[in-house]
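# Examination of the molecular architecture
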Amino acid sequence: MRIDIVTIFPEFFDILDVSLLGKARMSGLIETHIHDLRDGAHDKHRTVDDTPYGGGAGMVMKPEPWGFVLDGILNDSGSPTPVLHDEVPSGGPLLIVPSPAGEQFTQGMARDLAHEDQLIFACGRYEGIDQRVVDYYSSRMRVRLVSLGDYVLNGGEVASLAMIEAVGRLIPGMVGNPESLVEESHENGLLEYPSYTKPSVWRELEVPPVLLSGNHGAISTWRHEQQIERTRRVRPDLLFP
Ligand code: ADE
């Protein structure tokens, strides 16, 4: 999978070199390209923002630097030349714009995105990106506004990193033990059951005896009950949407 990230803070993404994602990049499963949005700003101060039309607080990201950098990415990845208002191709790159105004990011979405060939993350700052950027690129590729949750971050960088990690680990060939993916939180619509390892007693706290019984049927039933109980207590919205 090719991942392009457009940001005014390229150094935010140095973290992609470490951990599992670092390994995936070394092995060629993931190829990342970080683009500095300011490379698309051609004035002396490399300006990327301006005051909002209609007034209001904060600054809005100007469309021209986005156009310059996103055009460059599309050209580089061999996407067809633009035909405004033509039908959006079903394949090709997918532009993800992290935004608290977007659709909710879920494990299901991460699973779908793991099959994409190319994801482009457009990290906005300030009060967001001029709407015409989304409008224009919607005619050249699929575009999704995606929110991490109902809270506001300072920009799309942290949200992009979270999504890249959630998607990256689901790319076929990424995780050492595929079973660990099946059993984790959200994979069956429930939260994960609690886990224990040695020693069997720690500070007078015992591991639930069923886990030491060797009875796989009983263990599996107990774990499922724990999942339901935990989900009911912590996230009843998952059981009764
Ligand atoms: N940018 C700012 N807040 C965000 C959020 N909650 N999710 C995704 N991107 C964001």
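Residues numbered from 1 in each chain as written. Predicted model: local features only at pLDDT ≥ 70, side-chain atom pairs only at ≥ 80, totals over all residues. Heavy atoms only, no water.

On to the UniProt feature "binding site: S-adenosyl-L-methionine" (unreviewed entry) in the chain, then. Mapped onto this structure's residue numbering, the UniProt feature "binding site: S-adenosyl-L-methionine" (unreviewed entry) falls at G124, L148, G149, D150, Y151, V152 and L153. Take L148: it is sitting in the loop between β7 (142-147) and α5 (156-168). Owing to a relative accessible area of 22%, L148 belongs among the partly exposed residues under this scheme. Other than its neighbours up to four places away in sequence, L148 contacts Q104, F105, L153, A159, A162 and M163. By secondary structure assignment, the location of Y151 is in the loop between β7 and α5. Take Y151: its relative accessible area is 45%, and that puts it in the partly exposed class. (UniProt positions renumbered as here; feature names shortened; annotations may be inferred. Helix = DSSP H or I, 4+ residues; strand = E, 2+ residues; numbered from the N terminus. Buried < 20%, exposed > 50% of the residue type's maximum accessible area, 1.4 Å probe, protein only. Contact = heavy atoms within 4.5 Å.)

Applying the stated criterion across every chain yields a total of three aromatic pairs. Taken together, a centroid distance of 4.6 Å and an interplanar angle of 85° make the contact between Y136 and Y137 edge-to-face. Residue Y137 is classed as buried on the basis of its relative accessible area, which comes to 3%. Three or more aromatic residues link up through ring pairs in this structure, and these residues are F9, F12 and F13. (Phe/Tyr/Trp six-rings, centres within 6.5 Å; stacked < 30°, edge-to-face > 60°.)

Before going further, it helps to spend a moment on the side chain of Q227. Take Q227: it is sitting in helix α7 (residues 216-234). Given a relative accessible area of 6%, Q227 falls into the buried group. The contacts of Q227, once residues within four sequence positions are left out, are N188, L190, L191, E192 and Y193.

So, about α7. Given a rise of 1.5 Å per residue, 19 residues ought to cover 27 Å, and the 27 Å separating the end C-alpha atoms of α7 matches this to within 8%. Of all the positions in α7, only I219, W222, Q227 and T231 are classed as buried. Buried residues of α7, seen end-on, are gathered within an arc of 165° and therefore sit on one face of the element. Looking at the buried residues of α7, the elements they touch are α8 (236-239). The backbone nitrogen of G217 has a side-chain oxygen 3.2 Å away, supplied by the residue at the start of α7, namely N215. (Expected span 1.5 Å × (residues − 1). Arc of directions from axis to C-beta. Polar contact = N/O pair within 3.5 Å; in protein donor to acceptor, adjacent residues only side chain to side chain.)

Among the structural elements, S99 can be located in strand β5 (residues 94-104). Filtering out sequence-adjacent residues up to four positions away, S99 remains in contact with L145, V146 and S147.

With that out of the way, let us pick up the site of the ligand. As a matter of local geometry, the ligand sits amid P98, S99, P100, V146, S147, L148, G149, Y151, V152, L153, G155 and A159. Here a nitrogen atom of the ligand and a backbone polar atom of S99 are 3.1 Å apart. Between the ligand and Y151 there is a distance of 2.7 Å, counted from a nitrogen atom to a backbone nitrogen or oxygen. Relative to its unbound accessible area of 260 Å², the ligand is 96% covered by the protein chains. Every element with two or more residues in the shell around the ligand is listed here: β5 and β7. When residues in the shell around the ligand are grouped by element, the largest group, three residues, is from β5. Looking at the shell around the ligand residue by residue, the class counts come to eight nonpolar, four polar and no charged. (Near = heavy atom within 4 Å. Areas by Shrake-Rupley, 256 points an atom, 1.4 Å probe, with all protein chains shown as cover. Nonpolar A, V, L, I, M, F, W, Y, C, P; charged D, E, K, R; others polar.)

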